[in-house]
Amino acid sequence: MSPILRASLARIAQRSALWRDAIESVQKAGRRAVILTSDQVVVADAPGAVAKDGFDPTVLAEVAPVPRADSGVDMVLVVINLSLLAESHRQAQSVPAEFEADLDRILVHEIYGHAVPYLLAGHMSGRCPDPIPGERPLEACSIQRENAVRAELGLGRRTTYGLDDLNLARRTKR
């Protein structure tokens, strides 16, 4: 795993009891989240097929449960476009702490907001979605979960859906 991702996960675990409890429960259930950078993702449609890019390079992060034939879920892939985030922060002339806080926010959303519910349920029924059109962001499952951990981390409350709650968005609007 990327040392940058590892450091972010350590920061989150150090300061969030909710996070630690959830990760411990997932581990006890024998399930896991596999955290990758976007350049590590390769998809092949069939055995022997030519591999192709499996991740949209314009997206910061994505979660993909890996369901069994019975819709059970023992593993969830969490893909972080670390190079896009780093380059965006470089262009915005962010300080390292702003980059780190945004990475922490993204990991909290993707892992605690999306991956952990699948892994705790052990089934596709554990889906915890982002807001659907017409739904207030604060009513969405993923954002409610994310905000609980963000409160423990002092990363602010997310009130919108999209990138507006990242340091990066605030810096580029100045």
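In this report, we go over the structure that sits alongside the text. These numbers were taken from a predicted model, which means no experiment stands behind them.

### Quick notes on unusual backbone geometry
Thought 1: One non-glycine residue with positive phi stands out, namely serine 71, at about 70 degrees.
Thought 2: With respect to the helices and strands, the residue serine 71 is situated in the loop between β4 (61–67) and β5 (73–80).
Thought 3: Even without being glycine, glutamine 93 reaches a positive phi, approximately 55 degrees.
Thought 4: In this fold, glutamine 93 is placed in the loop between α3 (82–91) and α4 (96–121).

### Side note on the side chain of asparagine 147
Thought 1: Its place among the elements puts asparagine 147 in helix α5 (residues 141–153).
Thought 2: Classification of asparagine 147 as buried rests on a relative accessible area of 12%.

### Notes on the packing of aromatic side chains
Thought 1: Evaluated as defined, the whole model comprises 0 aromatic pairs.
Thought 2: The lysine or arginine in question, arginine 145, covers the ring of tyrosine 112, its NZ or CZ lying 4.1 Å from the ring centre.

### Let's talk about the sheet that holds β5
Thought 1: With respect to topology, 3 strands assemble into an open sheet ordered β1-β5-β4, the strand pairing being mixed. If you trace the sheet from one side to the other, it starts and ends with β1 (32–37) and β4, each paired once. Each adjacent strand pair in this sheet contributes to an overall mean axis angle of 20 degrees, direction not counted.
Thought 2: Taken together, the 7 bridges between β4 and β5 define a ladder with antiparallel strand orientation. By the bridge assignment for β5, proline 67 is matched with valine 73.
Thought 3: Across the sheet, α4 touches β1, β4 and β5, and the angle it forms with β5 is around 160 degrees.

Reading the values: the criteria
- Residues numbered from 1 in each chain as written.
- Predicted model: local features only at pLDDT ≥ 70, side-chain atom pairs only at ≥ 80, totals over all residues.
- Heavy atoms only, no water.
- Helix = DSSP H or I, 4+ residues; strand = E, 2+ residues; numbered from the N terminus.
- Buried < 20%, exposed > 50% of the residue type's maximum accessible area, 1.4 Å probe, protein only.
- Phe/Tyr/Trp six-rings, centres within 6.5 Å; stacked < 30°, edge-to-face > 60°.
- Lys NZ or Arg CZ within 6 Å of the ring centre and 35° of its normal.
- Pairing = 2+ DSSP bridges.
- Axes fitted to C-alpha atoms, helices over the stretch in contact; angles between N-to-C directions.
- Contact = heavy atoms within 4.5 Å.

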